[in-house]
Amino acid sequence: MNTRLPLLWLALHRRRRMLIAVLIGIVVFETLIVVVTNTIPPGQLFSGGKGPPAAYRAFSGSSGDVSIASYPGLLGAGLVHPFWIALQLTVIGSLAAAAVAADVESGTIELVMVRPVTRTRLLAERTAALLIATGALTAAATLTVAVGVALSPAIHADVGLGGVFAAGVMGYAFALCLVGPALAVSAAGRRRSQVLGTVIGIGAVGFAVNFIALAWEPAAPLRYASPFHYYSPGDALARGAVLWPQLMVLVGVGTVGFLVAHALLRRRDLAP
């Protein structure tokens, strides 16, 4: 155990089995997506000449400009699939709940703080553990897709490796967008269930809102209220570049959430 950053390494050590399982799961899943994409040409998935229904835009990992019946659309769908989202939410919810709320709920927060450890250091180290875990998960998914693209000439003709890594950057920014609010709830809450409920709520409701906005034209303005509107890996894969305006929104939300968490933690009573 590293004694220089004990709270960071302890957070990762305690959840090492979960993190390993999630990493294996995301690699297997993205490998499956690449294999399916390489085996079945996108156009054959929606034969008949009409193309995919409008509602399928929500599953292409784009803002509606990239069809799911394309290589960028299918790969983008793998990076915004509910299974991918569930794995991200699992990691974020678990580590964010353990940042503050879990210790308050169990009554161990006073033992942690007696070392002594400042509140700023407590939040900083446990935030760093979250960033490392989500970064590893995003990197595993990105590298798996990159290897698949590099080994498939048909896919590589439409999707460059630059687009794959741009989608990975967007994926990490999306994780940061969820980490910030989750930490704020953990800093203010007294139960880990509050943090888990918030993370699941943002993910599930955000995905549903984005789906409705893309599938139903009158609800289109609602897409701006969902983080999935700003996280669009399909667009990044198709354009081969990071979408900077959307990236700034995602990172901005995460940063504001961390600052709010810091302010709340400094002012709250940590007694169980």
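Definitions and limits used
Residues numbered from 1 in each chain as written. Predicted model: local features only at pLDDT ≥ 70, side-chain atom pairs only at ≥ 80, totals over all residues. Heavy atoms only, no water. Buried < 20%, exposed > 50% of the residue type's maximum accessible area, 1.4 Å probe, protein only. Helix = DSSP H or I, 4+ residues; strand = E, 2+ residues; numbered from the N terminus. Polar contact = N/O pair within 3.5 Å; in protein donor to acceptor, adjacent residues only side chain to side chain. Core = buried A, V, L, I, M, F, W, Y, C linked by side-chain atoms within 4.5 Å. Contact = heavy atoms within 4.5 Å. Salt bridge = Lys/Arg side-chain N within 4 Å of Asp/Glu carboxyl O. pLDDT = per-residue confidence, 0-100. Axes fitted to C-alpha atoms, helices over the stretch in contact; angles between N-to-C directions. Parallel < 35°, antiparallel > 145°, perpendicular 65-115°, else oblique. Left-handed = near helix turned anticlockwise from the far one by under 90°. Nonpolar A, V, L, I, M, F, W, Y, C, P; charged D, E, K, R; others polar. 1 Å grid on protein atoms, 1.4 Å probe; cavity = no way out; pocket = protein on both sides within 12 Å on 5 of 7 lines; lining within 4 Å. Points joined across faces, edges and corners; volume = space filled by probe spheres on them.

Some details on helix α4 (residues 71-78)
Logical step 1: Within α4, eight of the eight residues are buried, which leaves it mostly tucked inside the rest of the structure.
Logical step 2: Listed in full, the buried residues belonging to α4 are Tyr71, Pro72, Gly73, Leu74, Leu75, Gly76, Ala77 and Gly78.
Logical step 3: Put simply, Ser70 is the residue that caps the front of α4, since its side-chain oxygen is 3.1 Å from the backbone nitrogen of Gly73.

Considering the nonpolar core
Logical step 1: Counting 73 residues, the largest nonpolar core has Leu75, Leu79, Trp84, Ile92, Leu122, Val159 and Tyr231 as its most contacted members.
Logical step 2: Broken down by element, the residue count for this core peaks at 14 residues, all from helix α10 (residues 161-188).
Logical step 3: Filtering out sequence-adjacent residues up to four positions away, Val159 remains in contact with Tyr71, Pro72, Leu75, Val149, Val164 and Leu237.

Focus: the pattern of salt bridges
Logical step 1: Considering all chains together, one arrives at four salt bridges under this definition.
Logical step 2: For Arg239, the salt bridge goes to Asp65, with nearest N and O atoms at 3.7 Å. Of the two residues, Arg239 sits in helix α13 (residues 233-239) while Asp65 sits in the loop between α3 (42-45) and α4, which places them 174 residues apart along the sequence.
Logical step 3: On the basis of relative accessibility, which here comes to 53%, the residue Arg239 falls in the exposed class.
Logical step 4: The salt bridge partner of Glu125 is Arg121, with a shortest N-O separation of 2.6 Å. With a gap of four residues between them, Glu125 and Arg121 both fall in helix α8 (residues 119-150), about one helical turn apart.
Logical step 5: With a relative accessible area of 5%, Glu125 lands in the buried category.

Comments concerning the confidence of the model for the chain
Logical step 1: Looking at the chain as a whole, the pLDDT averages 90, with 92% of positions reaching at least 70.
Logical step 2: The least confident element of the chain, judged by mean pLDDT, is α3 at 68; the most confident is α10 at 97.

What to know about the packing of α8 against α10
Logical step 1: Between α8 and α10, whose axes approach to 9 Å, the crossing angle comes to 155 degrees. Considering their axes alone, α8 and α10 lie roughly antiparallel with respect to each other. In terms of crossing hand, the pair formed by α8 and α10 is right-handed.
Logical step 2: Class assignment for the residues of the contact of α8 with α10 results in 16 nonpolar, seven polar and no charged.

Thoughts on empty space enclosed by the protein
Logical step 1: Applying the stated criterion across every chain, the model contains two cavities of 30 Å³ or more.
Logical step 2: Taken as a whole, the second largest cavity holds about 30 Å³ of empty space.
Logical step 3: Lining the second largest cavity, in full, are Leu79, Trp84, Thr138, Ala141, Thr142, Ala167, Gly168, Gly171 and Tyr231.
Logical step 4: Elements with a contribution of two residues or more to the lining of the second largest cavity: α8 and α10.
Logical step 5: Partitioning the lining of the second largest cavity into residue classes produces five nonpolar, four polar and no charged.

Structural notes on the environment of Gly201
Logical step 1: Among the structural elements, Gly201 can be located in helix α11 (residues 192-215).
Logical step 2: Between the C-alpha atom of Gly201 and that of Leu89, which follows or precedes it by 112 residues, the distance is 9.9 Å.

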